[in-house]
Amino acid sequence: MTMKKAMTVAGSDSSGGAGLQADLKTFQEFGIYGMSALTTIVSMDPKNGWSHNVFPTPVNVLEAQIETILSIGIDAMKTGMLGSVEIIELVARKIDELKLDKVVIDPVMVCKGEDEVLHPETAVALRDLLVPRATVVTPNLFEAAQLAGTAPIKTIDDMKAAAEKIHALGAKYVLIKGGNKLDLDKAIDLLYDGKEFEILESEKIETTNTHGAGCSSSAAITAQLAEGKSPREAIHIAKDFITEAVRHSWKMNDYVGPVNHGAYHKYGNAQTTQK
């Protein structure tokens, strides 16, 4: 028996809802063997309003992890929180060395609940080094504005303008995740392949329990690419996956509520959407 394999290069979320924990759970949901290279450990302080503490992994330790995984072989990969310019340079170099061609870049710039870029220089490195190497890049509205160098995104037209700028950086497919953040009656994402815009709509689910949604969405895309799906097919399946994950999300404590990674197969229409 053989399994398709995927690598996540991402941070650890001690609460288990986001980061590489979310990635591995998502890979497992789609029957993909997941492997992880840890870039950062993120803990939360329950005595101080769930504030985030970030502990980076030394670059040489990260490289040793990546070498272990690549010696086994992968069918697709994704990135999450990377944390430093040096780490981004390392990941870009490994993509080039192995000519990896199924690469999902989730340009994580902040922890959920925070509103400032952790390190502005990493946003520049993400834009210049990893977006050009992306099969699919999956920014949320804040990240898309940062990558495109635009004002805050508030409309679909704003999303389209940002998507064009990000695609011009070199990404093959740009998926801007609007979710329920736009003042619309649907949850809206925008896909752009350099030629056509496609608006992906789903039910707008009113909940604050969305911890890990971005990580899980990009991991679902990665899993489908590993299976051999086209980027467009992968993105559509991921949209259905995350809609069900948010629909069946739950409140963990007074500060955070994670999405439900098992909901797509347990409650959703997985058999239909994967045909």
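Just above, that's the structure.
Residues numbered from 1 in each chain as written. Predicted model: local features only at pLDDT ≥ 70, side-chain atom pairs only at ≥ 80, totals over all residues. Heavy atoms only, no water.

Q: Lay out helix α8 (residues 231–247) with the relevant residues and their values.
A: Given a rise of 1.5 Å per residue, 17 residues ought to cover 24 Å, and the 24 Å separating the end C-alpha atoms of α8 matches this to within 8%. With respect to burial, α8 is a largely interior element, twelve of its 17 residues being buried. Listed in full, the buried residues belonging to α8 are Pro231, Ala234, Ile235, Ile237, Ala238, Lys239, Phe241, Ile242, Thr243, Glu244, Ala245 and Val246. (Helix = DSSP H or I, 4+ residues; strand = E, 2+ residues; numbered from the N terminus. Expected span 1.5 Å × (residues − 1). Buried < 20%, exposed > 50% of the residue type's maximum accessible area, 1.4 Å probe, protein only.)

Q: I'd love a proper account of the packing of helix α5 (residues 141–148) against helix α6 (residues 156–168), names of residues and values included.
A: Axis separation between α5 and α6 bottoms out at 9 Å; the angle between their running directions is 50°. Considering the angle they form, α5 stands oblique to α6. Here α5 and α6 pass one another in a crossing that is left-handed. Residue-level contacts link Leu141, Ala144, Leu147 and Ala148 of α5 to Met159, Ala162, Lys165 and Ile166 of α6. Classifying every residue of the contact of α5 with α6 by side-chain character gives seven nonpolar, no polar and one charged. (Axes fitted to C-alpha atoms, helices over the stretch in contact; angles between N-to-C directions. Parallel < 35°, antiparallel > 145°, perpendicular 65-115°, else oblique. Left-handed = near helix turned anticlockwise from the far one by under 90°. Contact = heavy atoms within 4.5 Å. Nonpolar A, V, L, I, M, F, W, Y, C, P; charged D, E, K, R; others polar.)

Q: Explain the packing of aromatic side chains to me, using residue names and the numbers behind them.
A: Counting across every chain of the model gives five aromatic pairs. Between the aromatic rings of phenylalanine 30 and tyrosine 264, the centroid separation amounts to 5.7 Å while the plane-to-plane angle is 45°, which identifies the pairing as tilted. Of this pair, phenylalanine 30 sits in the loop between α1 (19–29) and β2 (33–45) while tyrosine 264 sits in helix α9 (residues 263–266); the two residues are 234 residues apart in sequence, bridging distant segments of the chain. A residue is classified by how much of its surface remains accessible, and phenylalanine 30, at 8% relative accessible area, is buried. Centre to centre, the rings of tryptophan 50 and tyrosine 255 are 5.5 Å apart; their planes meet at 10°, and the pair counts as stacked. Residue tryptophan 50 is located in the loop between β2 and β3 (51–56), and its partner tyrosine 255 is located in the loop between α8 and α9; the two are separated by 205 residues in the primary sequence. (Phe/Tyr/Trp six-rings, centres within 6.5 Å; stacked < 30°, edge-to-face > 60°.)

Q: Now, about the environment of tyrosine 264: what can you tell me, with residues and values included?
A: You can call tyrosine 264 buried: its relative accessible area is 0%. Along the primary structure tyrosine 264 and glutamate 29 are separated by 235 residues, whereas in three dimensions their C-alpha atoms are 8.5 Å apart.

Q: I'd like to hear about the side chain of threonine 26, residue by residue, with values.
A: With respect to the helices, strands and loops of the structure, threonine 26 is situated in helix α1. Judged by relative accessible area, threonine 26 falls into the buried class, the value being 0%. Polar side-chain contacts of threonine 26 include one of 2.8 Å to the backbone oxygen of alanine 22. Contacts of threonine 26, omitting those with residues within four sequence positions, involve Ser216, Ala219, Ala220, Phe241 and His261. (Polar contact = N/O pair within 3.5 Å; in protein donor to acceptor, adjacent residues only side chain to side chain.)

Q: Quick rundown of the nonpolar core? Include the residues and the values.
A: Val9, Met77, Leu130 and Val137 are the most contacted members of the largest nonpolar core, which totals 46 residues. Contact partners of leucine 130, with chain neighbours within four places excluded, come to Leu82, Ile88, Val91, Ala92, Ile95, Ile105 and Ala125. Counting residues in hydrophobic clusters, the runner-up holds 23 residues, among them Val136, Leu191, Ala220 and Ala226. (Core = buried A, V, L, I, M, F, W, Y, C linked by side-chain atoms within 4.5 Å.)

Q: Quick one: what's the story with the side chain of threonine 138, residue by residue and with numbers?
A: Inspection of the secondary structure assignment puts threonine 138 in the loop between β6 (136–137) and α5. Judged by relative accessible area, which is 1%, threonine 138 ranks as buried. A polar contact of 3.3 Å, which involves the side chain of threonine 138, links it to the side chain of aspartate 106. Beyond its immediate stretch of four places on either side in the chain, threonine 138 contacts Val104, Ile105, Asp106, Pro107, Glu143, Leu175, Lys177, Ser218 and Ile221.

Q: Would you mind going over the sheet that holds strand β8 (residues 186–192) in detail, with residue names and values included?
A: Spatial ordering of the open sheet is given by β3-β2-β1-β4-β5-β6-β7-β8-β9, a layout of nine strands whose pairing is mixed. Looking at the sheet topology across the chains shown, the edges are occupied by β3 and β9 (197–203). Both strand β5 (residues 103–105) and β6 contribute to a ladder of two bridges, which runs parallel. Bridging from a neighbouring strand, valine 104 pairs with valine 136 of β6. In the packing of helix α2 (residues 59–72) onto the sheet, the strands contacted are β1 (5–13) and β2, and the crossing angle to β2 comes to about 155°. Each of β6, β7 (173–179), β8 and β9 touches α8; the most contacted strand, β9, lies at about 20° to it. (Pairing = 2+ DSSP bridges.)

Q: Let's hear about the pattern of salt bridges: which residues, and what values?
A: Between side chains of opposite charge, a pair can form when the charged atoms approach closely. In total, this model carries 15 salt bridges according to the counting rule given. Between aspartate 128 and arginine 127 there is a salt bridge; the shortest N-O distance is 2.8 Å. For arginine 127, a relative accessible area of 27% corresponds to the partly exposed category. When the shortest N-O distance is used, the salt bridge between aspartate 193 and arginine 232 registers 3.0 Å. You can see aspartate 193 sitting in the loop between β8 and β9 and its partner arginine 232 sitting in helix α8, a full 39 residues away along the chain. Three or more residues joined by partner-sharing salt bridges are found here, namely Glu63, Glu67, Arg93, Lys94 and Glu97. (Salt bridge = Lys/Arg side-chain N within 4 Å of Asp/Glu carboxyl O.)

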